[in-house]
Structure formats: C-alpha cells, structure tokens
Amino acid sequence: MEKDILEIFKCELLGLEEKGILRHLPAVIHQGEEIRFGRKRMLNLSSNDYLGLATDISLREEFLQSLTPDNLLFTSSSSRLLTGNFNIYTELENQLSRMFGSESALVFNSGYHMNTGILPAICNSGTLILADKLVHASLIDGIRLSGAKYFRYHHADYNHLDKLLEMHSKSFERIIIVTESIFSMDGDVTDLHHLVRLKQKYSNVLLYVDEAHAVGIRGEQGLGCAEEQGCIPDIDFLTGTFGKALASVGGYIICRKVIRDYLINKMRTLIFTTALPPINLMWSKFVMERLNSFSNKRKHLKENSSFLKERIIEKGYNCPSESHIIPLMIGDNKKAILKAEDMWRKGFYMLPVRPPTVPEGTARIRISLTANITREIVNQIADSI
Ligand SMILES: *Cc1c(COP(=O)(O)O)cnc(C)c1O
C-alpha cells in the first residue's frame, strides 16, 4: 500500500520532468553580488536585494558593534501572545508607526505568514474579496483560507473592478480589494489613487495593498508606492515584507489601532507560531532607522531601471515594467529557457519564468536590478540581450 503511494509520487515527478517544469533547490554559492554554480560566476540579477543592503559588509559591521552576548538572542522561545513579545517588537512597531505616520503597526514572521493570516482573520461569511488577477501566491492562499467568496479582476483593470464593486456592494456586508503595488512578474505599478477613489464610493469597502516589492525603494523615505503616491492613510491594510529590499526577515502591517487589536485576537499565523528571534528584529530596526538615508540608492536604481527598459524596447521587445523588475518578454517557453542560458554564458544570472506562473504564451526572463549595479554594467546587460 505504502509503496504504491510512493510510486504515484514518483510518476508525478517524472511527468513534471518530462514537461520541463520539475523544481529543485539550486546549490548556489554567494560571493557578494555574484553567484556561483560550480565554476561559473555570474552577476546575480534574480535577487530581491533591491537596495544592495544584504551584500553590504560595512552595514553589517556597524550592526555587530551594538551586539553583546546579552542582547544577541537567537530565539524568542515562544509566541508573542505568551512570552515571546520582547521589547524590541514594541520598539520596531513604534518606529514603523512613526515613519508611516500611522496609528499602529504589527510585525509578523514573514510576508507569507502575513498574507495567509490577515485575510482569514478579517473575513466573515458576509465578506467578498476582489483581487487583482496577478496577486502573489501568498495572497491567493490567504484568500482561499479565508473561505470568503472572491472574484479576481483582470490585471490592473480598474473598470472591471468598478463594475464588480457596483454589482456586489449591496449584497455583501464588507468587500476587501486586494492588490500589490509593484507586481513581481511584469514590474508594473498599481494606480493606488484610483483604487482609493473606487473604495471611497462605498461605505463597506476596504483596501489591502502588499508593498513587498516596493518598500525600501519607492517614495522619498523608501516607504513604498503608497508614500510615493501620497495615500498612506487611505489604505486600510498597508503591508510589506522585510525580506526583500530591507535585507531582513518578517512582514508588517500599517493600520489603525482597532485593526491591530483585532489581528492580535484573530490571526492564527501570529498567535500559533514562535515569534521571530529578537536578533532579526534588531537588524530590521537598524535597517529601518537608516532607510531615509538610502535615497541616492533609490534614485540610482530608478534611473538605471528606466535606462534598461529603454534599451530593451530599442531592441524590439515590449516591456510593461515601471520599476526595477524588468521582464524580457519572449513568449515561447523553450525560447525563454535558451535565452536565459545564453545570458548565463555571458555572465548574467537571470531566470526564465513560464506558465503557470505567468499566462500561457508570455514566457519571459525576469531581470531584477539592484542599487549597486553600475550604469556600465546595465549597458553590458543590454548589449548582451
Ligand atoms: C515575496 C512576497 C511575499 C512573501 O514575503 P516573505 O517575507 O518572503 O514571506 C508576499 N507578497 C508578495 C507580493 C511577495 O512578492
């Protein structure tokens, strides 16, 4: 019996391999901004270290100075609801509230915990979720776990969303619009103002925005697209992760105090897990304290991103990007793989993204620029395409 089940697993894996979509864990060796596979060294253009903070040795050296065996805690040994709520949690959350000018903030173990925990906590049987068609898997999982009824509107199609709102606003107690601010596969940016306007037409609509790819790199202070577009207070659930540009680990929400209190009581992925170790919170706080000072990095990243996009368009590719995430649209799956391999040979590590991650016929290579890549290198990337 047991053997048969294992055989079934094996067959399924073979099926994936035949289709060329078997996943594995790549054995990578990091050398600063470069990545090594066996003997091959390549510039890492697939990292989420958008500000280059994760490879910044001097930043780490400075942080190390503040550590002693007393405050260097590698575990919190408990959920925050029990004894895991170390003072550093309050310090980081107060700092987030201050920076965003919000009533409150709450920190989670990861962006994945955040999205799979908040949505189930805030939905009831009278809730409808309207989510952009391209939202991240963690949001999809949160929507499914919530058990709420949901529709996905065509990507960035605010007219479609408007129609859905109009059609359903009277039959549901509450409606939650769910989106990201920068989308991870197209690199395009959500018009948050438009969503705020739509939301404000109704008294029972709330707005949930995930800034995973935008926090750290957008806005004058690096607080994300909501800062850049001047609508932080209009977003009910303003969330992000520390795992990308902020070079740490964890997730956060910026919200009103009543929402924070509610989540502390209802959110299972906050209540039933060991809190992140205090050392990680100390590092997140250390980075947040310096976020304002990275505006040159943000400016440089923005300029290089526009420049690479222009060069890619010059070469005849269509490019939807409005950010540092720049897809090279290929279309055909196999061609995308060949193109990626060609770029590896030229020393640039970038990954092909194929269906079902992206729509059929839109296979692409996803380039993510970081702030420590020079203009000269960006030119070399473009020349190699
Ligand atoms: C990466 C990502 C997450 C998950 O965040 P982690 O901190 O890595 O768990 C959530 N939402 C979006 C849009 C992401 O891109």
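Residues numbered from 1 in each chain as written. Predicted model: local features only at pLDDT ≥ 70, side-chain atom pairs only at ≥ 80, totals over all residues. Heavy atoms only, no water.

One open sheet accounts for 7 strands, arranged E4-E10-E9-E8-E7-E5-E6; its pairing is mixed. The sheet terminates laterally at strand E4 (104–108) and strand E6 (149–153), the two strands that pair on one side only. Going from strand to strand, the sheet's axes swing by 20° on average, the running direction of each strand aside. Contacts between helix H4 (residues 111–122) and the sheet are confined to E4, strand E5 (127–132), strand E7 (174–180), strand E8 (205–210), strand E9 (237–241) and strand E10 (251–255), with E9 contributing the most and set at about 160° to the helix. Along the sheet, helix H6 (residues 158–168) contacts E5, E6, E7 and E8; its crossing angle with E6, the most-contacted strand, is approximately 155°. (Pairing = 2+ DSSP bridges. Helix = DSSP H or I, 4+ residues; strand = E, 2+ residues; numbered from the N terminus. Axes fitted to C-alpha atoms, helices over the stretch in contact; angles between N-to-C directions. Contact = heavy atoms within 4.5 Å.)

Time to look at the pairing of strand E11 (residues 325–331). When you tally the buried positions in E11, you get 6 out of 7 residues, the bulk of the element. As paired strands, E11 and strand E14 (residues 363–368) are joined by 6 bridges and run antiparallel to one another. Along E14, the bridge assignment pairs Pro 327 with Arg 366. (Buried < 20%, exposed > 50% of the residue type's maximum accessible area, 1.4 Å probe, protein only.)

What follows covers the domain arrangement of the chain. Partitioning the chain into domains gives domain 1 (19–48 + 295–384) and domain 2 (80–289). Centre-to-centre, using C-alpha coordinates, domain 1 lies 27 Å away from domain 2. Surface buried jointly by domain 1 and domain 2 totals about 1,400 Å² across both partners, of which 52% is contributed by carbon and sulfur atoms. When the buried surface of domain 1 facing domain 2 is broken down by residue, Asn 48, Arg 298 and Glu 322 rank first, second and third, together holding 38% of it. Joining domain 1 to domain 2, the criterion identifies 2 salt bridges. In this structure, Glu 228 and Lys 302 form a salt bridge, with 2.8 Å as the shortest nitrogen-oxygen distance. The interface formed by domain 1 and domain 2 holds 12 residue pairs in polar contact (both at pLDDT 80 or more) in total. Every element with two or more residues in the side of domain 1 that touches domain 2 is listed here: helix H12 (295–314), E11 and E14. The element that contributes the greatest number of residues to the side of domain 1 that touches domain 2 is H12, accounting for 4 residues. When its residues are assigned to classes, the side of domain 1 that touches domain 2 shows 6 nonpolar, 6 polar and 5 charged. (Domains from an automatic or database assignment. Buried area = accessible area lost by both parts, 1.4 Å probe. Salt bridge = Lys/Arg side-chain N within 4 Å of Asp/Glu carboxyl O. Polar contact = N/O pair within 3.5 Å; in protein donor to acceptor, adjacent residues only side chain to side chain. Nonpolar A, V, L, I, M, F, W, Y, C, P; charged D, E, K, R; others polar.)

Turning our attention to the nonpolar core. Counting 83 residues, the largest nonpolar core has Leu 45, Leu 96, Phe 100, Leu 165, Leu 308, Leu 369 and Ile 381 as the members making the most contacts within it. The element that contributes the greatest number of residues to this core is helix H11 (residues 278–290), accounting for 7 residues. Residues from two domains meet in this core; each of domain 1 (19–48 + 295–384) and domain 2 (80–289) gives at least three. Not counting chain neighbours up to four residues away, the residues in contact with Phe 100 comprise Leu 223, Ile 232, Leu 238, Tyr 252 and Ile 254. Formed by 26 residues, the second largest nonpolar core is a distinct cluster that contains Ala 131, Leu 263, Met 267 and Leu 270. (Core = buried A, V, L, I, M, F, W, Y, C linked by side-chain atoms within 4.5 Å.)

This paragraph deals with the site of the ligand. What surrounds the ligand is a group of 13 residues, the closest being Gly 111, Asp 210, His 213, Thr 241 and Lys 244. One of the side-chain N or O atoms of Thr 241 is found 2.7 Å from an oxygen atom in the ligand. In the model, an oxygen atom of the ligand is placed 2.5 Å from a nitrogen or oxygen of the Lys 244 side chain. Burial of the ligand by the protein chains amounts to 83% of its free accessible area of 380 Å². (Near = heavy atom within 4 Å. Areas by Shrake-Rupley, 256 points an atom, 1.4 Å probe, with all protein chains shown as cover.)

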